[in-house]
Amino acid sequence: YPERRLRGVLEELSHGCKCVFISLANKDQNQSGKTKLDRERLKLCMSEMETIGQQAKAMRSQVKKSTVRDKIKLAQNFLHKLRFMADEPQHSVPDIFIWMISNGKRIAYARVPSKDILYSNVEDETGKDCNKVKTIFLRIPGKKGFGPAGWTVQAKIEIYLWLGLTKQRKDYLCGLPNGFEENKLSLGPSAPPISLTYMMKQIFQLRVHMYQARSLFAADSTGLSDPFARVFFSTQSQVTEVLAETLCPTWDQLLVFENVELFGEATELRDDPPIIVIELYDQDTVGKADFMGRTFAKPVVKMADEHYGPPRFPPQLEYYQIYRGNCTAGEMLAAFELLQIGPNGRADLPPIDGPTDMDRGPILPVPLGIRPVLSKYRIEVLFWGLRDLKRVNLAQVDRPRVDIECAGKGVQSALIPNYRKNPNFSTLVKWFEVDLPENELLHPPLNIRVVDCRAFGRYTLVGSHAVTSLRKFIHRPSDKQANNWSATGILSLYKLECGVILHSERSCKKKGDDIEEEELDESMLDWWSKYFASIETLTEVRNENNIKPDDSPVKGTKKGKGKKDKKKSSDAPERRKPKLDELKVYPKELENDYEYFEDWLHTFNLFRGKGGDDDDQNVVDEDRLIGKFKGSMCVYKVPPLDDFSRDMSMDSSMGMFQNIPHNDPVNVLVRIYVIRATDLHPADINGKADPYIAIKLGKNEIKDKENYISKQLNPLFGKSFDVEATFPMDSTLTVSIYDWDLVGTDDLIGETKIDLENRYYSKHRATCGIASNYAIHGYNVWRDPMKPTQILAKMCKDGKLDGPHYGPGGRVKVENRVFMGPTEIEDENGLKRKTDEHLALSVLKHWEEIPRVGCKLVPEHVETRPLHHPDKPGIEQGRIEMWVDMFPKDMTAPGPALDISPRKPKKFELRVIIWNTDEVVLEDDDIFTGEKSSDIFVRGWLKGQQEDKQDTDVHYHSITGEGNFNWRFVFPFDYLMAEEKIVISKKDSMFAWDETEYKIPARLSIQVWDADHFSADDFLGAIELDLNRFPRGAKTAKQCTMEMATDEADMPMVSIFKQKRIKGWWPFVARDENDELELTGKVEAELHLLTGEEAEKSPAGEGRNEPDPLEKPNRPDTSLLWFLTPFKAIKHLVCNQYKWLVIKIVAALLLLIIVALFLYSMPGYMVKKMLGA
């Protein structure tokens, strides 16, 4: 239960961080002698530990069976943090140096960190090497100790180190192996002994079974080595024999170390034996041997009282990784056993039973129980050809030959008489028999060497390659029952499945009728429509799979994202995007998904020259690469296990390589389509580049220098190139991107190389991609010269399959498999006629389901290839999107190339009429009356065209925030419908050579300003409308709210490109002092979009000018200066600003008058009453 264990570890970690560490830290704080760095570091550690403790506690509750893998990764982050904090920034205790001195000269040294051997009474706080016998390797001091010279071990010592306080000295010997006596001087009871005498001594015999090694370091200039191994154990060392000129030596040698004395108890030695050091060297005729690598091993220990038998004995051969410095340098296959010599001496040891059929003098072969069990195998080799061979010793390779060797046996290819004329071999298949281990993991490597036969019988080694694993070349007889597809159960099941699929599709269509689907205008669609729809699908799939957007093959295309948002925010009836025929967009090279098209023809890199000291052997070294050998192998037991050899139709000279094409020269038309490049490396001082395409195939070279694209790092090329080639001479296509320069030579930005030959001969049919649907006209027209029915018939014939049989009801049968599909096609006139092409295409799309010969066929596609520069290996210089079609010249000529030229932007004119504004904030204070007012005007422009901004006239002295304009803005622009971008071409500066093209989202900016005579105009508010997706305008000013600008997701959206004309109210917003959005006004505007032709037919003037002038606005008189109409100004002042104050004053005055009248008339009235008058 890993989740339980992880929970326990996290609980222990949180407890240790909170309690144990804090108590230790508090104890540490109280000690004196602390520097400021110590105190600050302690604070940092305490806060970090507290954080880790809290995170570990929180994580513990989240650990479940499903999340345990992710949580382990997070727990490893804790471990990295703890290890980082454990390292002291300044060493308070000095490290220990061990020196080896000869004649007063320091020869070698080792440095042991003091923290590793520091002793503590608490076991967890003790250094990892304290109280232990450790093997330490001494190295050369000074500058010589760095690099390859310092990798060899100068000396090996076994040492016991202990560092602790004086009061802990009684524990310094507690980790030593038992069975010793101390020899002390009379310096006191606490003094350490001057030496230890071991009374318990064990005698052993070490048997080292060195079988073979593979993928060793190339130490000689030929690209090979003369390797031997030196084995160190305890105080003894021995060497194997030297094997000349190989990187995969098979020593098959037993080294016996007699009378090895080891000290300590037998049980300790059994559980933890000393390590064995194996070093590999290259023997040189002059000078000392070169170090090639080192590995370590622990032997299997057998004590005298143990039985020599299964399961531990005899030991199994194992692979040990060889290291050269920090890099891997091959593997070694060996076994090690350490046998205790008992009281009867060597008589008790198991005998060494070597094979009797070989006599190698004093060299002992690996015994029978340990050496692998061998069987007779046949290795058939397909010799196809050699490619890209470089010069050797300044001379060109002219008459090469390939030698194949495995386990001491081999075969030679036919000689190529003239490499430049035809680099293919005349005899295709040869074979040899060899004894190989039955265990596939122990198979020896197969060595490929290319030699050049020169004048006077001289043979020069060109290059070599070691096939370390034969596993993928082993022929495995297929299961007969699996191939028996005639079982009626399977057949009927497949029919049933097809029927279900067809039925479900129909039902889906019926259901889909309710959903409103956008109609496709076939005349508007082109190849780019298909391309963008494919990218959108790829983006959606990546989003569903939660793949990071950085990995997206197409950077800069936000189309998929935008469409998704549109779907989310769409209102009313659900609209479904139109279903376009799509192609497959590969985010990497095409060959990555098809095993590099090595289904039967493999490419082996040939190397020559000494390996680099710092290079990892797993990385291809371009400097050592001297060429390529094309061919294959087939390994099988003799006799073959299947009935393949009884097939009468097979060609016996071809062995297992049946039905492969001949390697005679083939003339091919290669059609290269380059769509675009992304993220190119800048090549100019301005941080941009002027890229153009260069194509090289054999002697043909095309440089499209005239059509360079100015100042672009993401250029859109949309180009196709036709090149004629002859395989095998012209098999590598190089597509390069250069930077155009006015002065000097053009710079290479990056290039990509494609092996066309492997694609051409592959069973995946990478010559021309299979389209998703068959069409004879329109944007998805079938571009292969062979129709689907012809392709299917050819593939069935080549694969010796039964079929195809076309039946009624839209069915086709191939090898007892039934496929279904439509049987009608629509021609250019809309007339439908019968065809079997759709049926054949449905089989080709599911070709991998066909038994025995089925494989996935390459679909119509676009591949994304990284660009690299020869001088900057391993660093991507950008990416290029492209695809390649190949058509044999001896077959039907293909039609014209697809038109993938970039879409030309269409001319549009946007007319924006600003009718009115309302509730605009008032900025100015009147000098005489103190009232608030604004002198309003509106400004508008399209994004990217700020220099062409347009302003309305000024509505002066608006005291209500209302403005009347009746003003027209006219914005002509070029627009790409597919990319939803405005295209602007302009020069960056007056010194620029040519215009730079920019693609900018179509956004309209409208702003409201307050005009000032003597100071800068005041900005009041703005709104930016995305012309493809902006909120529908409100019908009245009251319905217009700030949410229209802030909460677009909840608003009904419109596109001016679909609506063409729209009128309404939109809000102006601005940020206040607290950086929060506030409503600063409203504008009533009308947007009218016309194409360039429509604009020419019905022109309109800017502002209120001819043609088609607008009426002058009916502005109220208060818009004039206040002193020209004083009464109206006073009326506005009284009515609007002081209305309630005036009412209150009038009411108070009336009340006072009433009270005064009452007081005035009361006395006279009372007198009259009293006197009765």
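- The chain is annotated in an unreviewed UniProt entry as Otoferlin from Myripristis murdjan.
- According to the UniProt record, the Subcellular location (unreviewed entry) comment for the chain reads "Membrane".
- Word for word, the UniProt comment on the chain under Sequence similarities (unreviewed entry) is "Belongs to the ferlin family."

### Re empty space enclosed by the protein
- On inspection of all chains with the given rule, the structure shows 3 cavities of 30 Å³ or more.
- If you go around the second largest cavity, the residues you meet are C768, G769, A771, V781, W782, R783, D784 and E860.
- Split into classes, the residues belonging to the lining of the second largest cavity amount to 4 nonpolar, 1 polar and 3 charged.

### Details of the environment of V366
- Take V366: it is sitting in the loop between β15 (327-340) and β16 (374-387).
- Spatially, the C-alpha atoms of V366 and A335 are 9.6 Å apart, while their sequence positions differ by 31 residues.
- V366 has contacts with H209, M210, Y211, D252, Q253, L254, P355 and R371, leaving out every residue within four places of it along the chain.

### Topic: the UniProt feature "transmembrane region" (unreviewed entry) in the chain
- Taking the UniProt record as the reference, the feature "transmembrane region" (unreviewed entry) is found at residues 1140-1160.
- Note that residues 1140-1160 is 100% helix and 0% strand, and that its end C-alpha atoms are spaced 30 Å apart.

### Regarding the confidence of the model for the chain
- In the predicted model, the chain carries a mean pLDDT of 83, and the fraction of residues at 70 or more is 87%.
- Segment residues 479-518: pLDDT under 50, and 33 contacts once partners within four positions in sequence are set aside and those in other chains are kept.
- Of the regions scoring below 50 in pLDDT, residues 546-576 engages in 44 contacts with residues more than four places distant in sequence or in other chains.

### Things to note about the sheet that holds strand β33 (residues 805-807)
- Strand order across the open sheet formed by 3 strands is β33-β34-β35, with antiparallel pairing between neighbours. The sheet terminates laterally at β33 and β35 (817-820), the two strands that pair on one side only. Neighbour-to-neighbour, the strand axes of the sheet open up by a mean angle of 25 degrees, direction not taken into account.
- The pairing of strand β34 (residues 811-814) with β35 spans 4 bridges and is antiparallel. Across the sheet, K813 pairs through a bridge with V818, a residue of β35.
- Set on the sheet, helix α11 (residues 837-845) makes contact with β33, β34 and β35; between it and β35 the angle comes to about 125 degrees.

### Some details on a negative patch on the surface
- Side chains of E12, E123, D124 and E125 sit close together on the surface and give a patch of like negative charge.
- Examined against the element boundaries, E125 turns out to sit in the loop between β2 (105-112) and β3 (132-138).

### What to know about the packing of aromatic side chains
- By the definition in use, this model includes 39 aromatic pairs.
- With a centroid separation of 6.4 Å and 70 degrees between ring planes, the pair formed by F425 and F629 is classed as edge-to-face. Residue F425 is found in the loop between β18 (409-412) and β19 (429-437), and its partner F629 is found in strand β26 (residues 625-637); the two are separated by 204 residues along the sequence.
- Owing to a relative accessible area of 2%, F425 belongs among the buried residues under this scheme.
- Taking the relative accessible area as the measure of exposure, F629 reaches 0% and is therefore buried.
- Centre to centre, the rings of Y760 and Y761 are 5.1 Å apart; their planes meet at 85 degrees, and the pair counts as edge-to-face. No difference in accessibility class separates Y760 from Y761, as the two residues are buried.
- Taken together, the ring pairs in this structure connect W527, W528, Y531, F532, Y673 and W883 into an aromatic cluster.
- Against the face of Y738 rests K703, its NZ or CZ located 4.3 Å from the ring centre.

Rules used throughout
- Each chain carries its own residue numbering, running from 1 in the direction its sequence is written.
- Given that the model is predicted, a residue must reach a pLDDT of at least 70 before its local features are reported, and side-chain atom pairs must reach 80 or more before they are shown or counted; all residues, however, enter totals for whole chains, interfaces and linings.
- To obtain the side-chain values, all non-hydrogen atoms of the structure were used and water was disregarded.
- UniProt positions are given in the numbering used here, feature names are shortened, and annotations may be inferred rather than shown by experiment.
- Both cavities and pockets are sets of points on a 1 Å grid over the protein atoms alone; in a cavity a 1.4 Å probe fits but cannot get out, in a pocket the set is open with protein on both sides within 12 Å along at least five of seven lines, and lining residues sit with an atom within 4 Å of a point.
- Grid points are joined across faces, edges and corners, and a volume is the space filled by probe spheres set on the points.
- Polar here means any residue other than Ala, Val, Leu, Ile, Met, Phe, Trp, Tyr, Cys and Pro, which are nonpolar, and Asp, Glu, Lys and Arg, which are charged; Gly is therefore polar.
- Every helix listed is a DSSP run of H or I at least four residues long, and every strand listed is a run of E at least two residues long, numbered separately from the N terminus.
- Here, two residues are considered to be in contact whenever any of their heavy atoms come within 4.5 Å of each other.
- Each residue carries a pLDDT value, the predictor's own confidence for that position, ranging from 0 to 100.
- Being paired, for any two strands, means DSSP has found at least two bridges between them.
- Every axis in this analysis is a line fitted to C-alpha atoms, fitted for helices over the stretch in contact. Angles between the N-to-C directions lie between 0 and 180 degrees.
- The patches reported here contain residues having more than 30% relative accessible area and no salt bridge. Joining distances are 9 Å for like charges and 5 Å for nonpolar side chains (Val, Leu, Ile, Met, Phe, Trp, Tyr).
- The accessible surface values rely on the Shrake-Rupley method and a 1.4 Å probe; as for residues, cover is taken only from the protein chains in view.
- A pair is scored as a salt bridge if a Lys or Arg side-chain nitrogen falls within 4 Å of a carboxyl oxygen belonging to Asp or Glu.
- Charge assignment: positive for Lys and Arg, negative for Asp and Glu; neither His nor the chain ends contribute.
- For this purpose, a charge sits on NZ of Lys, CZ of Arg, CG of Asp or CD of Glu.
- For Phe, Tyr and Trp, where Trp contributes only its six-membered ring, two rings pair if their centres lie within 6.5 Å, and the inter-plane angle classes them as stacked under 30 degrees, edge-to-face over 60, or tilted in between.
- A simple rule labels every residue: compare its accessible area, found with a 1.4 Å probe on the protein chains alone, to the largest value its type can have, and call it buried under 20%, exposed over 50%, or partly exposed in between.
- The rule is short: NZ of Lys or CZ of Arg within 6 Å of the ring centre and within 35 degrees of the ring normal puts a charge over the ring.

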